[in-house]
Amino acid sequence: MNLVLFGPPGAGKGTQSKKLEEYYGIPQISTGDMLRAARTAKTPLGLEAEKFMVAGKLVPDAVITGLMEERLKGKDCEGGFILDGFPRTISQAESLQGTLKGQKRRLDRVINIDVDEEELAKRLTGRRQCSQCNRGYHLRFAPPQKAGFCDRCGGALFQRDDDKEDTIRARLKVYRDQTQPLIDHYRHGGLLVTVKGEAPVEEVFDSIVKVLEKDGVNAKVSAS
Ligand code: AP5
Ligand code: MG
Ligand code: ZN
């Protein structure tokens, strides 16, 4: 199953794709996580991406499409994948289609997680992430048992530097201007299904699984 999880910043793409990864045994591929890891490692990619990310802007298409072309060759993607945060422009969508065509496969579904802007801002300002295992938290909606530390591994929690109010506003505008047009693109292609993303995490997950079951993905699949 080759899946895209689509939606504005804070819609729950990361939260849901991690759950789907576990459930279906296919990898979550998050361009945001890849770029943040490159920034931490101070690689040339990370250094180039940093100035765009801090400003809430998109990293240039050529950088992202090159990165994803390589990533999709990974052995772990042979049984399918869940894309989180990619594609984000029409040009990225076209590049993805070309890459998959070259591999004799295509997208099966684009799940659009729909959440109201006011709710998005609340989610993003309260989000915290584990510095060790990447697990996500929310100060109100999914708080850790011990403030500031990860329940799973004890790692320190941090706030993403693009989760500050000004940058959140910039990211939402970039989403509206550059990414939202993909909704029509995928609707015309017959791939889009919209799920309501404002319900609790488990309910949103159930509605995504229901969509996929309707498509014939009935049971857990393994990555092989
Ligand atoms: P990226 O990391 O992709 O960020 P984003 O798209 O802005 O999305 P987020 O990760 O902020 O939100 P999410 O939908 O994953 O929500 P989450 O599950 O965490 O990109 C960051 C930057 O990298 C970009 O700005 C750009 O610069 C660059 N970049 C990345 N990809 C690129 C690309 N393809 N092209 C160009 N540039 C690119 O949930 C949010 C919070 O809400 C969490 O705290 C969570 O616990 C909580 N929550 C989730 N679901 C629920 C729920 N149902 N109820 C209550 N709380 C919930
Ligand atoms: Mg995310
Ligand atoms: Zn952790």
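Rules used in this analysis
- Sequence order as written defines residue numbering, which begins from 1 separately in each chain.
- Chains carry letters and ligands carry numbers; both start at the beginning, A for chains and 1 for ligands, and go up in the order they are written.
- Since the coordinates come from a predicted model, pLDDT governs what is reported: local features require at least 70, and pairs of side-chain atoms require 80 or more to be given and counted, while whole-chain, interface and lining totals use all residues.
- As a convention, hydrogens and water are excluded, and side-chain values are obtained from all of the structure's heavy atoms.
- Runs of H or I in DSSP of at least four residues are treated as helices and runs of E of at least two as strands, each being numbered from the N terminus.
- Relative accessibility thresholds used throughout: buried, under 20% of the residue-type maximum; exposed, over 50%; partly exposed, between the two (1.4 Å probe, protein chains only).
- The criterion for a residue being near a molecule or strand is simple. One of its heavy atoms has to lie within 4 Å of it.
- N or O atoms closer than or at 3.5 Å make up a polar contact, with two conditions inside protein: a donor-capable atom paired with an acceptor-capable one, and, for residues adjacent in sequence, both atoms drawn from side chains.
- Using a 1.4 Å probe, accessible areas were evaluated by the Shrake-Rupley method; residue-level cover was limited to the displayed protein chains.
- Residue polarity is assigned by list, with Asp, Glu, Lys and Arg as charged and Ala, Val, Leu, Ile, Met, Phe, Trp, Tyr, Cys and Pro as nonpolar; anything else, Gly included, falls into the polar class.
- At least two DSSP bridges between two strands are needed for those strands to be called paired.
- Here the axes come from fitting lines to C-alpha atoms, over the contacting stretch only for helices, and the angles between their N-to-C directions go from 0 to 180 degrees.
- Only heavy atoms matter for contacts: two residues are in contact if any of them lie within 4.5 Å across the pair.
- The donor set covers N, O and S atoms within 2.8 Å of the metal, switching to 3.2 Å for Na, K and Ca, and it leaves out water, so a site may look short of donors.
- Any site counts as irregular unless it has four donors with all angles between 85 and 135 degrees, making it tetrahedral, or four or six donors with opposite ones more than 155 degrees apart and the rest between 65 and 115, making it square planar or octahedral.

1. Topic: unusual backbone geometry
So, point 1. Residue Pro87 is reached from Phe86 by a cis peptide bond, and omega for that bond is -5 degrees.
So, point 2. Mapped onto the secondary structure, Pro87 falls in the loop between β3 (81-84) and α5 (90-102).
So, point 3. In this model, Lys104 sits at a positive phi of 60 degrees, which is unusual for a non-glycine residue.
So, point 4. Classification of Lys104 by relative accessible area gives exposed; the value is 77%.

2. A look at the site of ligand 1
So, point 1. The local shell around ligand 1 holds 34 residues, among which Thr15, Lys57, Arg88, Arg127 and Arg171 are the closest.
So, point 2. Between Val201 and ligand 1, the recorded distance is 3.4 Å, taken from a backbone N or O atom to a nitrogen atom.
So, point 3. Here ligand 1, which alone exposes 1,000 Å², has 94% of that area covered by the protein.
So, point 4. Mapped onto the shell around ligand 1, the elements with two or more residues apiece are α1 (13-24), α2 (31-40), α6 (117-126) and β6 (136-138).
So, point 5. Looking at side-chain class alone, the shell around ligand 1 contains 15 nonpolar, 10 polar and nine charged residues.

3. Overview of the sheet that holds strand β2 (residues 28-30)
So, point 1. Read across the open sheet, the five strands follow the order β2-β3-β1-β4-β8; overall the sheet is parallel. Sheet topology places β2 and β8 (192-196) at the edges, where each strand pairs with a single neighbour. The mean angle between the axes of side-by-side strands here comes to 25 degrees, regardless of whether they run parallel or antiparallel.
So, point 2. Across five bridges, strand β4 (residues 109-114) lies against β8 in parallel orientation. From the neighbouring strand, Ile111 faces β8, where its bridge partner is Val193.
So, point 3. Sitting on the sheet, helix α8 (residues 181-188) is in contact with β1 (2-6), β4 and β8, with an inclination near 125 degrees to β8.

4. Let's talk about the coordination of the zinc ion (ligand 3)
So, point 1. Distances from the zinc ion (ligand 3) to its protein donors, Cys130 (SG), Cys133 (SG), Cys150 (SG) and Cys153 (SG), fall at 2.2 to 2.4 Å.
So, point 2. For the zinc ion (ligand 3), the four donor atoms in the first shell make angles of 96 to 118 degrees at the metal, so the coordination geometry reads as tetrahedral.
So, point 3. Sequence spacing among the residues donating to the zinc ion (ligand 3) works out to C-x2-C-x16-C-x2-C.
So, point 4. Judged by its relative accessible area of 1%, Cys130 falls in the buried class.

5. Section: the packing of α5 against α8
When two helices pack together, their arrangement is given by the angle between the helix axes and by the axis-to-axis distance.
So, point 1. Interaxial distance between α5 and α8 falls to 9 Å at its minimum, and their mutual angle equals 35 degrees. Facing Ile90, Ala93 and Leu96 of α5, the residues of α8 in contact are Pro181, Leu182, His185 and Tyr186.
So, point 2. Of the residues in the contact of α5 with α8, the class split is six nonpolar, one polar and no charged.

6. Considerations on the sheet that holds β6
So, point 1. With antiparallel pairing, three strands are arranged side by side in an open sheet as β6-β5-β7. Since the sheet does not close on itself, it has two edges, and those belong to β6 and β7 (157-158), each with one partner.
So, point 2. Two strands pair when backbone bridges link them, and strand β5 (residues 127-130) and β6 are joined in this way by three bridges, in the antiparallel orientation. Among the inter-strand pairings, Arg127 is bridged to a residue of β6, identified as His138.
So, point 3. Along the sheet, α6 contacts β5 and β6; its crossing angle with β5, the most-contacted strand, is approximately 40 degrees.

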